[in-house]
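# A structural walkthrough
Residues per chain, in single letters:
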Amino acid sequence: MAITLETLADAITRANAAMSRLTDVLNAADAKLGDGDTGTMLARLIGTFAAVDVRNAENLGAGFMALAKAGAASTGSSLGTLIITAMMTAGKATTGKTELDWSDLSGLLAAIRYAAMVRGKAELGAKTIIDGLDALASSLEGKTDAASVAAAAEQAMDAVLAEFRNRPSAMGRARMFAEKSVGLDDPGMLALAEIVRSLAKTAQHGATPVA
Amino acid sequence: MKKLINDPANYVDEMLDGLCLAHPGLVRVGDDRRAIARSTKMRRGKVGVVSGGGSGHLPLFTGYVGKGLLDACAIGNVFEGPTINSCQDAIAAANGGAGVLCLFGNYGGDKMNFEMASEFAAMDGVETRTVLGTDDIASAKREESQKRRGVAGLIFAYKAAGALAEQGASLDEVAAIAQKAVDRTRTIGVALSSCQIPGAAGPNFTIADDEIEFGMGIHGEPGIWRHKIRPADELVDEMISLILAEKPEGASRVAVLVNSLGSTPFEELFILYRRAAQQLGAAGLAIVNPLIGPYVTSMEMGGASISLCFLDDEIETLLAAPAECPFWKVG
């Protein structure tokens, strides 16, 4: 089975359900060096995505673009804008397509990582969500089905968080607390990891909604 | 912290409603009405000047929409950049056919969203330029001044760019004067107490009752040092000394802004200004039109900032040109 609008809609529903648990976790992670609103912002953004009728979009490209458009009206935060950039990139990459092979997901994520780097004027290694995307894209190379994608993605998220936890942040507000950021997860990278883990768990263990 | 609010989710929209009711010269525009524009029609052929940023800083950002200042402003949630849509709405509202200057603080989300909005505007044939406020000297070293945050000194760039745009200057000329005003403005602040985002579980940062943080940003970003509180004169001496270390060669006149971050009263601001005036006089600088009061705040944060705009003839003339917005009137 390939990735379709149904897969996309289902992933959004599950991510939205997961936010009921993750909002406080991510707010707490952000509050250590930031203003403590990453979870709240992400819950609002994913809630906005969940309200979009993705299933009835014309094709995958139109579905992703509808998500980008809805998101653009929902948040102005840096992380939110990078997620909107991701949706636009995916929309452009899947224009006119009704299906995407699981084996193409790695390449799509690499394109999203590049677009986020350009938009955010960010480099790899700065301890941001972009490092998480890089790890995710690399881990999915050669994976051709949902189960192997899920297993590799979950492992990649554990590994990238562990790899960067004890490094100083070099981007955004956290760069001003570079020393204090050592030992802490970057909130954006953590958000990506937690949502990927939630989606991966359901992909590996059946379609029970995660909350 | 106690606040006079209803549902925290409605904090920004209810605030904007009240602002526009109290000041009929302002209107909410756009699909989500998160941009503020002047209620008068944009003059054809005039360069538009827009800004944008998170809520929680009034009078910044929306409070400076008015004649001789901003034509429109995008506004985000508290301490969160405006959405791409809001930025697009502000640019559209300020488009008089001669291009639009986007003039805002150097913050990640604001930059990304105005950049995307400018790309969309270009598709509609609207030319834009971007100038970033980078006046907070505590936020990065002088060698990395392009990384500095924009804080209270941004209003001098608003005033200079707004005045030149009113005179019918071109987009490049308006952008150039905004950049010059930014380049000649320096700010540093001190924080005494925190603020809290409506609906948040706790304050934005913590600081002991007897402590002060020197150089803290307007969202609680860390400063240069935190120690026991010191007499006002000592603090002003250090603030002025750091700013004057970056004085442009030949500057002999300065515009001064002593700004309350929210809860610090006028009395304390005048105590700070008294010492600042003494120090600037001793340094041979003449003060022009001092501004004292809450011009850029962080809700109920306690503390103050001092901004100096080192004048040349062009900027001084533009700062003196007539302007009027809800929180600042000149001429």
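Each chain has its residues counted from 1, following the order in which its sequence is written. Chain labels run from A onward and ligand labels from 1 onward, assigned in the order the entries are written. Local features are withheld for residues below a pLDDT of 70 in this predicted model, meaning they are given only at 70 or higher, and side-chain atom pairs are given and counted only at 80 or more; totals for whole chains, interfaces and linings count all residues. Note: side-chain values were computed over all heavy atoms of the structure, leaving out hydrogens and water.

## Some points on the environment of L285(B)
Residue and element names in this part refer to chain B. Let me state the cut-off plainly: Under the DSSP-based scheme used, a helix requires at least four consecutive residues in state H or I and a strand at least two consecutive residues in state E, with every element numbered from the N terminus. Burial classes follow relative accessibility: with a 1.4 Å probe on protein chains only, a residue under 20% of its type's maximum area counts as buried, one over 50% as exposed, and anything between as partly exposed. Two residues form a contact once any of their heavy atoms are found within 4.5 Å.
Position of L285 among the secondary structure elements: in the loop between α7 (266-282) and β11 (286-293). For L285, a relative accessible area of 6% gives the class buried. For the pair L285 and G220, spaced 65 residues apart in the sequence, the C-alpha separation amounts to 31 Å. Apart from the residues lying within four places of it in its own chain, the contact partners of L285 are L244, K247, A251, S252, R253, V254, L280 and F310.

## Observations concerning the state of the cysteines
Definition in use: In this description, a disulfide is simply a cysteine sulfur pair whose atoms lie within 2.5 Å.
Scanning the entire structure with this criterion turns up zero disulfides over all chains. Cysteine C102(B) shares no disulfide, and the gap to the nearest cysteine sulfur, in C87(B), comes to 7.8 Å.

## Notes on the interface of chain A and chain B
Rules: Defined in terms of a 1.4 Å probe, buried area is the accessible area two parts forfeit on being brought together, summed over both. Each salt bridge in this description consists of a side-chain nitrogen of Lys or Arg and a carboxyl oxygen of Asp or Glu lying within 4 Å of one another. In protein, a polar contact means a hydrogen-donor-capable atom and an acceptor-capable atom, both N or O and within 3.5 Å, with residues adjacent in sequence counting only if both atoms are side-chain atoms; elsewhere, any N or O pair within 3.5 Å suffices. In this classification, the charged set is Asp, Glu, Lys and Arg, the nonpolar set is Ala, Val, Leu, Ile, Met, Phe, Trp, Tyr, Cys and Pro, and all remaining amino acids, among them Gly, are polar.
Between chain A and chain B, the contact holds 25 residues from the first and 25 residues from the second. Taking both partners together, chain A and chain B bury about 1,900 Å²; carbon and sulfur atoms supply 51% of that area. Along the contact surface separating chain A from chain B lie four salt bridges. The partner of E119(B) in a salt bridge is R119(A), with the nearest N and O atoms 3.2 Å apart. At the boundary of chain A with chain B, the tally comes to ten residue pairs in polar contact (both at pLDDT 80 or more). For the side of chain A that touches chain B, the element with the most residues is helix α4 (residues 78-93) of chain A, which contributes six residues. Of the residues belonging to the side of chain A that touches chain B, the class tally is eight nonpolar, nine polar and eight charged.

## Details of the domain arrangement of chain B
Residues and elements named next belong to chain B. Keep this limit in mind: Domain borders in the structure are assigned automatically or taken from a domain database.
With domains assigned, chain B is organised as domain 1 (10-183) and domain 2 (185-330). On a C-alpha basis, the centres of domain 1 and domain 2 stand 21 Å from each other. The interface is formed by 42 residues belonging to domain 1 together with 48 residues belonging to domain 2. Carbon and sulfur atoms supply 67% of the area buried between domain 1 and domain 2, which totals about 3,800 Å² over both sides. One can count three salt bridges joining domain 1 with domain 2. In this structure, K180 engages D312 in a salt bridge whose closest nitrogen and oxygen atoms are separated by 2.6 Å. With six residues, the top contributor of residues to the side of domain 1 that touches domain 2 is helix α4 (residues 154-166).

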